[in-house]
Amino acid sequence: MTDRKKQLALPSWANQTSKNKYQVLGQIPKPSYYSALATIPPINPSLITQSAHSMVPQKYTPTEYLLKSTTTNLFSVEPVHQNILDPIELVKQFFPPDCHFIPPHHEKTIDFYRDILLNHQSILIKPITDKRDPNKIIYHSIYTHNIVNLGEWGHPSLLKPLTGHPIQYNYYDYMESWFKVLLHENEKFTHSWFVQFDHKFKSTIPSWFVRWWHQFGAILDILPIELNDQVTLFSTMFKTNQHTSQFPVLLIFMIKYKVPWIIKWRYQLLNGIVSRQYLVKWWGQYNHQKIIDQVKVEFPARVPTPVQPVQPVQQQQPVQPIQQQQLAPVQPVQQQQLAPSQPQLDSLSVSSIKLGSPAPHSSRSTKTKKKCSQLLMLAQQLIAQASQEENSSSDESTNSNPYGLAYQDAQDPFA
């Protein structure tokens, strides 16, 4: 117990300059321990008003811790410890006494890292005691006042003295202090941290702080539903720059509105590796309605402008069809006057054609092929008939008048 008091107490110089008990981590007693953060009963959801405008702040809280997705692997189990299945016992066999990490230097204890942050006034730690027994530490509250940036420090290897410690520290140690200071734990492993950014916090967040947030920061699932909705609204309307755009929106929201959360951690043994898991929860006594009202004032919801009714369009007068331009009637092309035509073949009488007389020359140029073919057929019929008559009576054919025969005009006119 003497060694534990020495580890958790502030160095002597701090006790001489300040008697404020809230700047020490305090002593974690061995007697029965309980946390007031885990004894707040849940509120009946039916008592919570649905309307955000008429809602009275309630002590709404999920009493269960939610496991974060981030896990830190610590060490592998050696063969000599294979029979130990309790991760806490494995830790005791691997880490230095009353320590939950591997110190890079025997002087770099949890007190060393805590004093670095106190030296820069980056944090304020308050031990919360039991009202019935002031000697019992229930949990610790840690308030972030500022974060030193590399631009303020200079080169990260630049060493600075730390009062009460024999070794100096650099910016690497300062960054590591944020991860080591929250590794304080009591003997029953029931310790928790109440975390909140101070109302005066205005530091520029360093890029490396994202890793700290993944381990110890809050998650959306622990927030009351109505506050979660405001984070969604905030994410769509808050303007970031090139630097702040790399940070989770919930981190920016918690810093801006100083919303608290509760964090604890535990050990896990899986596949021969001891790791650290992180759990977070909401603090049910926090009046989050004031944050909701503040967000609504700074980022009013964009209500769509009501659509004006559209006046019915008056029916236009029907467009008169374009009248087709009157065109002069096309005069039929008059057939070219031809030379006086000869009597048509079909109108000629057989008696008007004289045997042996040549047919008019103009008829060959003016008759169509159709008329010619008809004439040839008629001539062939007449010739055939004449041949039959000649065979029947040769004497009659020589003494008869060729012009008196009915079909004598049917001889070939081109013979």
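Bear in mind the structure is a predicted one, so any value in this text is a computation, not a measurement. (Residues numbered from 1 in each chain as written. Predicted model: local features only at pLDDT ≥ 70, side-chain atom pairs only at ≥ 80, totals over all residues. Heavy atoms only, no water.)

## Details of the overall build of the protein chain
Alright, step 1. The number of helices and strands found in the protein chain is 13 helices and six strands.
Alright, step 2. Here the protein chain holds 415 residues, and the buried ones make up 37% of them.
Alright, step 3. Sequence-distant contacts in the protein chain: of pairs separated by 6 or more residues, those separated by 24 or more amount to 72%.
Alright, step 4. Accessible surface, the protein chain as shown: approximately 26,600 Å² in total, 54% of it carbon and sulfur. (Helix = DSSP H or I, 4+ residues; strand = E, 2+ residues; numbered from the N terminus. Buried < 20%, exposed > 50% of the residue type's maximum accessible area, 1.4 Å probe, protein only. Contact = heavy atoms within 4.5 Å. Areas by Shrake-Rupley, 256 points an atom, 1.4 Å probe, with all protein chains shown as cover.)

## A look at the sheet that holds strand 6 (residues 273-281)
Alright, step 1. Reading across from one edge, 1-6-5-4-3-2 is the order of the six strands in this open sheet, with mixed pairing throughout. Where the open sheet ends on each side, the last strands, each with one partner, are strand 1 (66-76) and strand 2 (123-129). Across the sheet, the mean angle from the axis of one strand to that of its neighbour is 25°, orientation sign disregarded.
Alright, step 2. Summarising the sheet, strand 4 (residues 193-197) and strand 5 (residues 261-270) pair through three bridges and their orientation is antiparallel. Residue pairing across strands places Val195 opposite Trp261, the latter belonging to strand 5.
Alright, step 3. Sheet strands in contact with helix 3 (residues 87-94) are strand 1, strand 5 and strand 6, and its direction is about 85° off that of strand 5. (Pairing = 2+ DSSP bridges. Axes fitted to C-alpha atoms, helices over the stretch in contact; angles between N-to-C directions.)

## Describing the nonpolar core
Alright, step 1. In this structure, Tyr174, Trp178, Phe209, Trp212, Phe253, Val259 and Trp261 are the most contacted members of the largest nonpolar core, which totals 78 residues.
Alright, step 2. Examining the composition of this core, we find that seven residues originate from one element, helix 9 (residues 249-257), more than from any other.
Alright, step 3. Setting aside chain neighbours within four positions, we find Phe253 in contact with Leu227, Gln230, Val231, Phe234, Lys258, Val259, Ile291 and Val295. (Core = buried A, V, L, I, M, F, W, Y, C linked by side-chain atoms within 4.5 Å.)

## Description of unusual backbone geometry
Alright, step 1. At Gln121, a position not held by glycine, the phi torsion is positive, near 55°.
Alright, step 2. Topologically, Gln121 is positioned in the loop between helix 4 (110-119) and strand 2.
Alright, step 3. Even without being a glycine, Asn271 presents a positive backbone phi close to 55°.
Alright, step 4. You can see Asn271 is positioned in the loop between strand 5 and strand 6.
Alright, step 5. The exposed category is assigned to Asn271, whose relative accessible area is 73%.

## Structural notes on the pattern of salt bridges
Alright, step 1. All chains considered together, the criterion is met by six salt bridges.
Alright, step 2. Across the pair Arg114 and Asp111 runs a salt bridge whose closest N-O atoms are separated by 3.4 Å. Here Arg114 pairs with Asp111, and both are found in helix 4, just three residues apart, close to one helical turn. In this pair, the class of Arg114 matches that of Asp111, namely buried.
Alright, step 3. Two residues, Asp115 and Arg114, come together in a salt bridge whose shortest N-O distance is 3.2 Å. (Salt bridge = Lys/Arg side-chain N within 4 Å of Asp/Glu carboxyl O.)

## Notes on the packing of aromatic side chains
Alright, step 1. The tally for this structure, following the rule as stated, stands at 31 aromatic pairs.
Alright, step 2. The interplanar angle of 65° and the centroid separation of 5.8 Å between the aromatic rings of Trp153 and Tyr169 together place this pair among those described as edge-to-face. Here Trp153 is found in helix 5 (residues 150-153), whereas its partner Tyr169 is found in the loop between helix 5 and helix 6 (171-180), with 16 residues between them in sequence.
Alright, step 3. Measuring from ring centre to ring centre gives 5.3 Å for Phe216 and Tyr278, while their planes differ by 80°; the resulting arrangement is edge-to-face. (Phe/Tyr/Trp six-rings, centres within 6.5 Å; stacked < 30°, edge-to-face > 60°.)

## As for the pairing of strand 3 (residues 137-144)
Alright, step 1. By the criterion of burial, strand 3 is predominantly enclosed, with eight of the eight residues buried.
Alright, step 2. Pairing between strand 2 and strand 3: seven bridges, direction antiparallel. In the sheet register, Ile128 faces strand 3, and the bridge partner there is Tyr139.
Alright, step 3. Bridge count for strand 3 against strand 4 is five bridges, and the pairing is parallel. Residue pairing in the sheet places His140 in a bridge with Trp193 of strand 4.

## Comments concerning the environment of Lys290
Alright, step 1. Along the chain, the position of Lys290 falls in helix 10 (residues 289-298).
Alright, step 2. Once the C-alpha coordinates of Lys290 and Tyr257 are considered, the two residues, 33 residues apart in sequence, prove to be 9.7 Å apart.

## Some details on the confidence of the model for the protein chain
Alright, step 1. Summary statistics for the protein chain give a mean pLDDT of 74 and a share of 60% for residues scoring 70 or more.
Alright, step 2. In the model, residues 333-363 has pLDDT below 50 throughout and makes 22 contacts with residues more than four positions away in sequence or in other chains.
Alright, step 3. Here residues 393-415 scores under 50 on pLDDT; set against residues more than four positions off or in separate chains, the count is 26 contacts. (pLDDT = per-residue confidence, 0-100.)

## Brief notes about helix 9
Alright, step 1. Among the nine residues that make up helix 9, seven are buried, leaving the element largely enclosed by the rest of the structure.
Alright, step 2. Every buried residue belonging to helix 9 is among Leu250, Leu251, Ile252, Phe253, Met254, Ile255 and Tyr257, and all of these are buried.
Alright, step 3. Elements in contact with the buried residues of helix 9: strand 4, helix 7 (209-216), helix 8 (225-237), strand 5 and helix 10.
Alright, step 4. Where helix 9 ends, the next residue or the one after it, Lys258, has phi of about 55°, a positive value.

## Re the packing of helix 6 against helix 7
Alright, step 1. Here helix 6 crosses helix 7 at 10°, and the two axes come no closer than 10 Å. Here helix 6 lies roughly parallel to helix 7, going by the angle between them. Contact residues: Glu176, Trp178 and Phe179 in helix 6; Phe209, Arg211, Trp212, Gln215 and Phe216 in helix 7.
Alright, step 2. Looking at the contact of helix 6 with helix 7 residue by residue, the class counts come to five nonpolar, one polar and two charged. (Parallel < 35°, antiparallel > 145°, perpendicular 65-115°, else oblique. Nonpolar A, V, L, I, M, F, W, Y, C, P; charged D, E, K, R; others polar.)

## Some thoughts on the environment of Trp213
Alright, step 1. With respect to the helices, strands and loops of the structure, Trp213 is situated in helix 7.
Alright, step 2. It is 9.2 Å that separates the C-alpha atoms of Trp213 and Phe247, two residues lying 34 residues apart in sequence.
Alright, step 3. Among all residues touching Trp213, those that are not within four sequence positions of it are Lys68, Ala218, Pro248, Leu250, Leu251, Met254 and Trp261.

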